[in-house]
Amino acid sequence: MNTDGLQRMLDFLVLLQETGTQYRIDQYSPDALTVSLSLVGHRIEVEFSVQGMQYSIFKGNESVELDEKPLLTLIRKLSQ
């Protein structure tokens, strides 16, 4: 696989487009771009810089909840 960060990102985006995977590109630091995508049961962030790439996979429960109280409590707790 190519080690150039930009080419690696472009190759990765082609794969996502070929598989019909929706994604978003953000810039959280001045020297990297992050591609974020969601798959069933997974949220994935792939960071590309000039040096290469690194990624994180967040696995979780995708059950639907109806009680909004725990959601609001979590948001308040994590936003402080």
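Residues numbered from 1 in each chain as written. Predicted model: local features only at pLDDT ≥ 70, side-chain atom pairs only at ≥ 80, totals over all residues. Heavy atoms only, no water.

Draft legend 1. Just the sheet that holds strand β2 (residues 32-39), in detail. Read across the open sheet, the 4 strands follow the order β1-β2-β3-β4; overall the sheet is antiparallel. Lying at the two open borders of the sheet, with one neighbouring strand each, are β1 (23-29) and β4 (52-59). Averaged over all pairs of adjacent strands, the angle between strand axes in this sheet comes to 25 degrees, irrespective of strand direction. Running at roughly 20 degrees to β2, helix α1 (residues 5-18) makes contact with β1, β2, β3 (42-49) and β4 of the sheet. (Pairing = 2+ DSSP bridges. Helix = DSSP H or I, 4+ residues; strand = E, 2+ residues; numbered from the N terminus. Axes fitted to C-alpha atoms, helices over the stretch in contact; angles between N-to-C directions. Contact = heavy atoms within 4.5 Å.)

Draft legend 2. Broad picture of the environment of Q51. For Q51, the location among the structural elements is in the loop between β3 and β4. Taking the relative accessible area as the measure of exposure, Q51 reaches 68% and is therefore exposed. Distance from Q51 to G5, taken between C-alpha atoms, is 5.8 Å for residues 46 residues apart in sequence. (Buried < 20%, exposed > 50% of the residue type's maximum accessible area, 1.4 Å probe, protein only.)

Geometric descriptors of this kind do not, in isolation, establish any biological role.
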